[in-house]
Amino acid sequence: MRSTADAFVAAIAKGDARAACDLLTPKTLRRMEALRPEGCPAALGTLKLPSAAVRDVEVWGDAAQVRTGGDTLFLREFEQGWRISGAGCTPRGDQPYDCVLEGS
(Lines give C-alpha, C1' and ligand atoms only; values in the text may rest on other atoms or scores of the structure.)
Protein backbone atom coordinates (compact mmCIF):
# COMPACT_ATOMS: atom_id res chain seq x y z
CA MET A 1 0.00 0.00 0.00
CA ARG A 2 2.83 2.39 0.78
CA SER A 3 4.31 1.59 -2.64
CA THR A 4 1.08 2.78 -4.30
CA ALA A 5 1.18 6.04 -2.35
CA ASP A 6 4.89 6.47 -3.17
CA ALA A 7 4.20 5.82 -6.87
CA PHE A 8 1.30 8.29 -6.91
CA VAL A 9 3.33 11.03 -5.22
CA ALA A 10 6.28 10.37 -7.55
CA ALA A 11 4.02 10.53 -10.62
CA ILE A 12 2.58 13.86 -9.44
CA ALA A 13 6.09 15.20 -8.78
CA LYS A 14 7.24 14.20 -12.29
CA GLY A 15 4.10 15.58 -13.93
CA ASP A 16 3.18 12.07 -15.14
CA ALA A 17 -0.60 12.44 -14.86
CA ARG A 18 -1.27 9.26 -16.86
CA ALA A 19 0.69 7.17 -14.33
CA ALA A 20 -1.10 8.92 -11.45
CA CYS A 21 -4.51 8.28 -13.06
CA ASP A 22 -3.63 4.59 -13.41
CA LEU A 23 -3.38 4.43 -9.61
CA LEU A 24 -6.90 5.77 -8.91
CA THR A 25 -9.81 3.61 -7.80
CA PRO A 26 -12.30 2.91 -10.58
CA LYS A 27 -14.91 5.13 -8.91
CA THR A 28 -12.45 7.99 -8.44
CA LEU A 29 -11.37 7.73 -12.06
CA ARG A 30 -15.00 7.72 -13.30
CA ARG A 31 -15.84 10.69 -11.10
CA MET A 32 -12.80 12.59 -12.36
CA GLU A 33 -13.74 11.90 -15.98
CA ALA A 34 -17.39 12.81 -15.37
CA LEU A 35 -16.47 16.14 -13.77
CA ARG A 36 -13.73 16.92 -16.28
CA PRO A 37 -14.59 15.75 -19.79
CA GLU A 38 -11.04 16.37 -21.06
CA GLY A 39 -10.05 13.13 -19.30
CA CYS A 40 -8.12 12.27 -16.18
CA PRO A 41 -4.55 13.00 -17.33
CA ALA A 42 -5.46 16.49 -18.58
CA ALA A 43 -7.61 17.25 -15.55
CA LEU A 44 -5.25 15.90 -12.92
CA GLY A 45 -2.60 18.44 -13.85
CA THR A 46 -5.00 21.28 -13.07
CA LEU A 47 -5.51 20.13 -9.47
CA LYS A 48 -2.04 21.15 -8.23
CA LEU A 49 -1.74 18.22 -5.83
CA PRO A 50 1.19 18.29 -3.37
CA SER A 51 3.98 15.82 -4.08
CA ALA A 52 5.90 15.57 -0.79
CA ALA A 53 7.23 12.22 0.42
CA VAL A 54 5.11 9.76 2.42
CA ARG A 55 5.56 10.22 6.18
CA ASP A 56 2.83 8.25 7.96
CA VAL A 57 0.60 5.29 7.07
CA GLU A 58 -2.48 3.96 8.85
CA VAL A 59 -4.38 0.90 7.62
CA TRP A 60 -7.85 -0.32 8.58
CA GLY A 61 -8.61 -3.54 6.70
CA ASP A 62 -9.12 -2.56 3.06
CA ALA A 63 -8.82 1.19 3.70
CA ALA A 64 -5.78 3.32 4.46
CA GLN A 65 -4.77 6.90 5.13
CA VAL A 66 -1.34 8.16 4.09
CA ARG A 67 0.08 11.47 5.22
CA THR A 68 2.77 13.13 3.16
CA GLY A 69 4.67 16.33 3.78
CA GLY A 70 1.82 18.36 2.30
CA ASP A 71 -1.19 16.12 1.73
CA THR A 72 -3.38 13.36 3.05
CA LEU A 73 -4.20 10.49 0.68
CA PHE A 74 -6.87 7.86 1.12
CA LEU A 75 -6.53 4.40 -0.41
CA ARG A 76 -8.71 1.33 -0.90
CA GLU A 77 -7.58 -2.23 -1.54
CA PHE A 78 -8.86 -4.09 -4.59
CA GLU A 79 -8.02 -7.46 -6.13
CA GLN A 80 -5.44 -5.70 -8.33
CA GLY A 81 -3.90 -3.94 -5.32
CA TRP A 82 -4.16 -0.63 -3.49
CA ARG A 83 -5.59 2.37 -5.34
CA ILE A 84 -5.94 6.06 -4.47
CA SER A 85 -9.50 7.06 -3.56
CA GLY A 86 -8.74 10.56 -2.31
CA ALA A 87 -5.95 13.11 -2.64
CA GLY A 88 -5.43 16.76 -1.86
CA CYS A 89 -7.30 16.16 1.40
CA THR A 90 -7.37 18.53 4.34
CA PRO A 91 -8.88 17.86 7.77
CA ARG A 92 -11.97 19.76 8.90
CA GLY A 93 -12.07 19.05 12.62
CA ASP A 94 -14.84 16.56 13.41
CA GLN A 95 -16.11 16.64 9.81
CA PRO A 96 -14.87 14.34 7.02
CA TYR A 97 -11.76 15.46 5.15
CA ASP A 98 -12.24 17.85 2.25
CA CYS A 99 -10.53 16.30 -0.78
CA VAL A 100 -9.73 17.93 -4.11
CA LEU A 101 -9.74 14.48 -5.76
CA GLU A 102 -12.19 11.99 -4.30
CA GLY A 103 -14.13 8.86 -5.09
CA SER A 104 -14.10 5.60 -3.17
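Provided above is the structure to which this section pertains.
What you see is a predicted model, and the numbers here were worked out from it, not measured in a lab.

A. Up close: the overall build of the protein chain. For the protein chain, the count of helices and strands is four helices and five strands. Rg of the C-alpha trace for the protein chain: 12 Å, near the compact-globule value of 13 Å for 104 residues, within the 12% margin. In the protein chain, which comprises 104 residues, the proportion classed as buried is 40%. If you take every contact in the protein chain between residues at least 6 apart in sequence, the share linking residues at least 24 apart comes to 40%.

B. Molecular detail of the environment of Thr-90. Turning to its location among the elements, Thr-90 is positioned in strand β4 (residues 81–92). Residue class for Thr-90 comes out partly exposed when judged on its relative accessible area of 43%. Separated by 18 residues in sequence, Thr-90 and Thr-72 have C-alpha atoms that sit 6.7 Å apart.

C. How the structure looks around the packing of aromatic side chains. With the rule as written, the count across this model stands at one aromatic pair. Ring geometry for Phe-74 against Tyr-97: centres 5.1 Å apart, planes inclined by 75°, an arrangement best described as edge-to-face. Placement of the pair is Phe-74 in strand β3 (residues 72–78) and Tyr-97 in strand β5 (residues 95–102), with a sequence separation of 23 residues.

D. Structural detail: the side chain of Asp-71. When you line up the elements, Asp-71 lands in the loop between β2 (63–68) and β3. Reaching out from Asp-71, the side chain makes a polar contact with the backbone nitrogen of Gly-88 at a distance of 2.9 Å. Here the side chain of Asp-71 touches Cys-89 through a polar contact of 3.0 Å, landing on its backbone nitrogen. Residues within four places of Asp-71 in sequence aside, it is in contact with Pro-50, Val-66, Ala-87, Gly-88 and Cys-89.

E. Fine view of the state of the cysteines. This structure, assessed with the given rule, holds two disulfides. In this model Cys-21 forms its disulfide with Cys-40; the gap between the sulfur atoms is 2.0 Å. On the sign convention where negative means left-handed, the S-S torsion of about -90° between Cys-21 and Cys-40 marks this disulfide as left-handed. Of the two residues, Cys-21 is situated in helix α2 (residues 17–21) and Cys-40 in helix α4 (residues 40–44); the sequence distance between them amounts to 19 residues. You'll find Cys-21 and Cys-40 in the same group, each marked buried.

Rules and cut-offs
Here the residue index of a chain counts from 1 through its sequence in written order. Totals for whole chains, interfaces and linings use all residues, but because this is a predicted model, local features are given only for residues with pLDDT of at least 70 and pairs of side-chain atoms are given and counted only at 80 or more. With hydrogens and water excluded, all non-hydrogen atoms of the structure serve as input to the side-chain values. A run of H or I in DSSP becomes a helix once it reaches four residues, and a run of E becomes a strand once it reaches two; helices and strands are each numbered from the N terminus. The quantity called the radius of gyration is restricted to C-alpha atoms. Its globule counterpart is 2.2 Å times the number of residues to the power 0.38. Relative accessibility under 20% of the residue-type maximum defines a buried residue, over 50% an exposed one, and the middle range a partly exposed one, all with a 1.4 Å probe and only protein chains included. We call two residues in contact whenever any of their non-hydrogen atoms come within 4.5 Å of each other. Put simply, two rings from Phe, Tyr or Trp (the six-membered ring, in Trp's case) pair if the centres are within 6.5 Å, and we call them stacked under 30 degrees between planes, edge-to-face over 60, tilted for the rest. In the analysis that follows, any N or O atom pair within 3.5 Å is treated as a polar contact, provided that within protein one partner can donate a hydrogen and the other can accept it, and provided that, for residues neighboring in sequence, both atoms belong to side chains. Disulfides are defined in this document as cysteine sulfur pairs within 2.5 Å.

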